[in-house]
Each structure stands twice: as structure tokens, then as C-alpha cells.
Amino acid sequence: MEGRQIVILGAGIAGISAAHSLYKQGFKNVTILEAQNRVGGRIFTQKSGEDVLEMGAQFIHGQIGNPVYELGCNKQLLAQDEESDLHLDLVPHYHTQKGLKIDDKVSESFDSKYLGMRLDINKYSRDEKDNGYCYSSVGDWFDKWFQKYLEEECCNDSEETKSLKKGLFGWWQRFEVVDNACDSHALSLEAWGMWQECAGEEFTPIKKGYLAILDVLLADLPSDVVCTNKPVTKITWKSESGHEKVVITCAAGEIYLADHVIVTCSLGYIKEHHEKLFNPSLPNSKLKAINRLGYGTVDKVYFEFSKPFWDVDCESIQLVWLDDEPFSLDCIECCTVSSDQLMDKDNWWYGILGFDILSTQPNTLFMWIGGKKAESMEKCTDEEVKNVSMELLRKFLGSSKVIEDPIKMIRTSWKKEPYFLGSYCYVPTESTSDDIDILSQPIIFNEVPRILFAGEATNKRYFSTTHGAMISGQREAHRLIDFLNKHKKY
């Protein structure tokens, strides 16, 4: 066991969890090669005054069976309700482009209906898997549910109320884009049913930032296990001479030899670089799975103000677009559009979900945007993002609010990040969760697992989550541990 050299690519939560599991079982020859100058991967905690901003993963999702939550709880890292990033005891305020706030009773009633429908689709996607689906996608289910809801439950509503409900349905569709990193019409019903939620509180923040979770794991490892600034350009896993070692080449020319390699790169990076990265090429079945699986983008923008301008009972400011209400942005020339044009990909600002209040920094809002519109926003200058965001806030909140420009803005650009090229995995309609299984399978050479794969995109139950990534790292470490314990003389 001592002599086997194991190299892990990536110091995100999957890679660090794999190293931690191996080290605790007595495998000391473990090296993590990290391309960047920091650890964490898509966990990226930045200091902001006395507090932190999460540029990547924001919350722990669920509690029961969630190893991230269990670790945070055991180490007393989790925020109490009164310290949470979102005011969980308050309510979201939904505002329309006409500058009017939607009555809480209307929004709360619709939210309840929509969340109930989400439970129905979860059950349907699992129960009907073997019988064939009557819907082409998750989005198709949503559309048909909403049409039926309007016809059967809203027939006595006024036209104004129906318009508000249509706007709220549109808001929830943008929520799905942020939640899944893509439009719901791209999502596979089968995979939606395979994905599982951990029971318990859905949004648990970490007091000192998500990086504190990784610090706990790293504290059990020698300081030289992680080698930063080591981007890998080639993994030669089978040589013509029959050499048993995997040869790993870094951008600066360094060579590492390994008996086993655990690859935890993002699916976005693998999609872009697999042809040059793996020598020889990956098996055809794995390449097809990589190509079929989806990988999308979610971004955040933080705005710090000199003082709050929002109502004291406000948890968040959510943007609801009403049909047949023309809208213009003064800060962008020729930007008056009809409702039919709002979905144009160039109008990135339509993809903004809303602005949440950061309770630990009471003068700060943070904005969510996902999918193709997030990628479009990344092409804009900071000045354009700031100007558009502020004008939207002013117009949606109406003339009763005096909103000064922020004193600071910080934004993410995950699609532009060269070692990530997006945020997380999704399973599109042309794929199934079987592709995640195929991606997760190791490459066997001479009956030995030489190349293993971990990361959120390799976990069909919990893809797109930090706990999914953590579980996958532990899974591959134990796959290797079990093999080496059974084949000590190979």
C-alpha cells in the first residue's frame, strides 16, 4: 500500500475528499495536482471586510445523508438561522416591470401550487420511468401543468390576476434555469427522477465560508500533498512499450508517474480538452457519454450599497415580467422590446432572477442569473452589468425608492474560467442518467483501474452539488482501496 503512487487531478472537494479517504486508510503516497493557485475548485470563498462572499457554492443542500452537512455540524461550522445568508424568517417581494409589488397572498398562493407540482413531477418521473413518458422534457411538464392550472383553477380570476400568475410562472422558469444551469425544456425527465434531495433544511450557509469545510479535511493531510499551479496537459495511461505507470505531463514540463490517477476535472473542462488530455483517447462509450451530458453556467453579482434601500420585511427582490408590457432600458440604446423579444439571447438581463439580501452584510444584495443568459452577461463590461442592474431595480421598485449606485460590485464569470468553463452538470433530453454511470466508470488497463473519475458530474443521485462531489471522491478512493487490498501483489 505504501508503495503505490496515486495522483489526483484537482483540489476541489472531490479531489480533497478522495485524498483524505486514502490517507486515512494508510495510503501515504498521494499527490494532488491543482491547476490554479488556490484550492477549492468551484468552492471559492473570498474575504469581504469582516465577512466572506461565496463566489461559487453558496449553501449546503439538505442534511440527512449529506456528508458536507455532517462534517460542518460536527465541527460547528454551520450558521444558525439568525446568522443565515438569507433572511429565512422573512418573505420574498415580487415586483413587476410596471414598478408594482405583487400582493403577498397572490405570490404565496402561487408559490405553494408550484412547489406542490414539483413534488408531483418528482413522483411521476420515478413511477413512469419503465412505462414511457408522455412529456418530452421537464419543461414540457411544467408548461402543460400551468396550462391546466389556468384552465381549471383560474377560470374565475380577473385578467390582471391571470397576468400576474403568468408572470410568476415565468419567474419560476428562470428559477429552474439557476437551479439546473439550463432551461427546463432541455432537461431529461428520467434524470430528474433519479436525482435525490437530502432531507432537512435546503439552504444551510457556513459561518466562515464554504472553504472552512475543505480546511477541516486538509488539516488531516500533510501540507505538501497539494501542489498548486500545476495544470496537467497530458495523461498517458497506456504505452506501446507496455510500461505500467501512468505518465502525467504538466504545462511547465514536469512529469509525474503514478500507478493510479483520479480525475476530478469539471465536465466542462473534460468536454473541451479530452482529445489532448488523454493518451490514448478515452473509450468510445465514455466519449459519447461526455458529449451527451450537459454542463451549464450560473453566475452571481454582489452589490454593496452605502445603506439599505429595501423594506425591513424584505428577504429578496424578485423580478416578475408581465406579458404584453413593453419595456425599455435607458442605459442601453434601442433596447425597447416587446414580450416576444424578451427571450432573445442578447437580452441577458431578462435572465436575472432577482436580488437576495445578504444578512451578514446588511448593505449587500446579490443577484442570480443562469444558463445562456449568464454566459451572455459574462461578455458585458462591469459598467454595463452595474448600470443595467441598477436601472432594473429602480424600475421594478418604482419611484417610491431612491436607489443610489453601489459603492462596490463583485461578479463571477464561471463560463470564462479556463479550468471550469461553467458551473455544473445537467442531464439533457438526449441523455439519461446512465451516461453519468458511464462517465464514473474507471479505465481498466491490464486488469488494473488506472484512471478513475470523480466530481459532481459522476454522481447520478446528487450531480450539481458539493455533497455529490464529496461522495464521488470518497467513492473512487474506496474503489481503489478495495482493489489494492485485494491485489496487494499486483
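If you're wondering where the values come from, they're calculated on a predicted model, not measured in any experiment.

J.: Can you explain the nonpolar core? Please cite residues and give values.
T.: In this structure, Ile-8 and Leu-22 are the most contacted members of the largest nonpolar core, which totals 42 residues. Those elements giving two or more residues to this core turn out to be strand 1 (6–9), helix 1 (13–24), strand 2 (30–33), helix 2 (67–74), helix 7 (211–218), strand 20 (448–453) and helix 13 (466–486). One finds Trp-171, Phe-175, Val-178 and Cys-182 within the second-largest nonpolar core, a separate group that totals 39 residues.

J.: Any details on the sheet that holds strand 2? Residues and values, ideally.
T.: The strand order 6-2-1-10-20-19 describes an open sheet built from 6 strands, whose pairing is mixed. Every interior strand has two partners, whereas the edge strands, strand 6 (226–227) and strand 19 (443–445), have only one. In this sheet, strand 20 lies alongside strand 10 (residues 260–263) in parallel orientation, the contact comprising 3 bridges. If you follow Val-263 over to strand 20, its bridge partner there is Phe-453.

J.: Any details on helix 7? Residues and values, ideally.
T.: Buried within helix 7 we find Ala-212, Ile-213, Leu-214, Val-216 and Leu-217. Along its buried surface, helix 7 packs onto helix 1, helix 2 and helix 13.

J.: Any chance you could break down the pattern of salt bridges for me, citing the residues and the numbers?
T.: Note that side chains of opposite charge can pair when their charged atoms are close. The final tally for this structure, using the stated rule, is 27 salt bridges. For Lys-245, the salt bridge goes to Asp-259, with nearest N and O atoms at 2.9 Å. Pair noted here: Lys-245 is in the loop between strand 7 (232–236) and strand 8 (246–250) and Asp-259 is in the loop between strand 9 (255–258) and strand 10, with a separation of 14 residues, a long-range link. Since its relative accessible area comes to 5%, Asp-259 is described here as buried.

J.: How would you summarise the sheet that holds strand 8 if you had to cite specific residues and measurements?
T.: Spatial strand order, 9-8-7-11: 4 strands in an open sheet with mixed pairing. Strands with a single pairing partner mark the edges of an open sheet, and in this sheet they are strand 9 and strand 11 (278–279). Bridging between strand 7 and strand 8 involves 4 bridges; their strand directions are antiparallel. In the sheet register, Ile-235 faces strand 8, and the bridge partner there is Ile-248. This element, helix 8 (residues 267–277), spans strand 7 and strand 11 of the sheet and lies at about 55° to strand 7.

J.: Outline the packing of aromatic side chains, supporting the account with residue identities and numerical values.
T.: What the rule picks out here adds up to 38 aromatic pairs. Ring plane angle 85° and centroid distance 5.9 Å describe the contact between Tyr-114 and Trp-145, whose orientation is recorded as edge-to-face. On the criterion of sequence distance, the pair formed by Tyr-114 in helix 3 (residues 104–127) and Trp-145 in helix 4 (residues 138–153) is long-range, its members being 31 residues apart. Of the two residues examined, Tyr-114 and Trp-145, each falls in the buried class. Ring-pair connections join several aromatic residues into one group, and the members of that group are Tyr-94, Phe-110, Tyr-114, Phe-142, Trp-145, Phe-146, Tyr-149, Phe-169, Trp-171, Trp-172, Phe-175 and Trp-192.

J.: I'd like a description of unusual backbone geometry, backed by residues and values.
T.: With omega at 0°, the peptide bond leading from Asn-279 into Pro-280 counts as cis. Structurally, Pro-280 is set in the loop between strand 11 and helix 9 (284–292). At Asn-229, a position not held by glycine, the phi torsion is positive, near 55°. Tracing the backbone shows Asn-229 in the loop between strand 6 and strand 7. Overall, the relative accessible area of 48% leaves Asn-229 in the partly exposed class. For Ser-464, which is not glycine, the phi dihedral falls at a positive 80°. Following the sequence through the fold, Ser-464 ends up in the loop between strand 20 and helix 13.

J.: I'd like to hear about the environment of Val-68, residue by residue, with values.
T.: Position of Val-68 among the secondary structure elements: in helix 2. Judged by its relative accessible area of 1%, Val-68 falls in the buried class. The sequence separation of Val-68 and Val-178 amounts to 110 residues, and the corresponding C-alpha distance is 22 Å. Contacts of Val-68, omitting those with residues within four sequence positions, involve Ile-13, Ile-60, Tyr-210, Ile-213, Thr-466, His-467 and Met-470.

J.: Lay out the packing of helix 3 against helix 5 (residues 159–180) in plain terms, naming residues and giving numbers.
T.: Running from amino to carboxyl end, helix 3 crosses helix 5 at an angle of 50°, the nearest separation of the two axes being 10 Å. In terms of orientation, helix 3 and helix 5 fall into the oblique class. For the crossing formed where helix 3 meets helix 5, the hand is right-handed. Along its contact with helix 3, which presents Val-106, Ser-107, Phe-110, Asp-111, Tyr-114, Leu-115 and Arg-118, the element helix 5 presents Lys-165, Leu-168, Phe-169, Trp-172, Gln-173, Phe-175, Glu-176 and Asp-179.

J.: How would you summarise the confidence of the model for the protein chain if you had to cite specific residues and measurements?
T.: Taken over all residues, the pLDDT of the protein chain has a mean of 92, while the share at 70 or more is 93%. Predicted confidence is poor over residues 82–88, with pLDDT under 50, and the contacts of this stretch with residues over four places away or in other chains come to 26 contacts.

Thresholds applied
- Residues numbered from 1 in each chain as written.
- Predicted model: local features only at pLDDT ≥ 70, side-chain atom pairs only at ≥ 80, totals over all residues.
- Heavy atoms only, no water.
- Core = buried A, V, L, I, M, F, W, Y, C linked by side-chain atoms within 4.5 Å.
- Buried < 20%, exposed > 50% of the residue type's maximum accessible area, 1.4 Å probe, protein only.
- Helix = DSSP H or I, 4+ residues; strand = E, 2+ residues; numbered from the N terminus.
- Pairing = 2+ DSSP bridges.
- Contact = heavy atoms within 4.5 Å.
- Salt bridge = Lys/Arg side-chain N within 4 Å of Asp/Glu carboxyl O.
- Axes fitted to C-alpha atoms, helices over the stretch in contact; angles between N-to-C directions.
- Phe/Tyr/Trp six-rings, centres within 6.5 Å; stacked < 30°, edge-to-face > 60°.
- Parallel < 35°, antiparallel > 145°, perpendicular 65-115°, else oblique.
- Left-handed = near helix turned anticlockwise from the far one by under 90°.
- pLDDT = per-residue confidence, 0-100.

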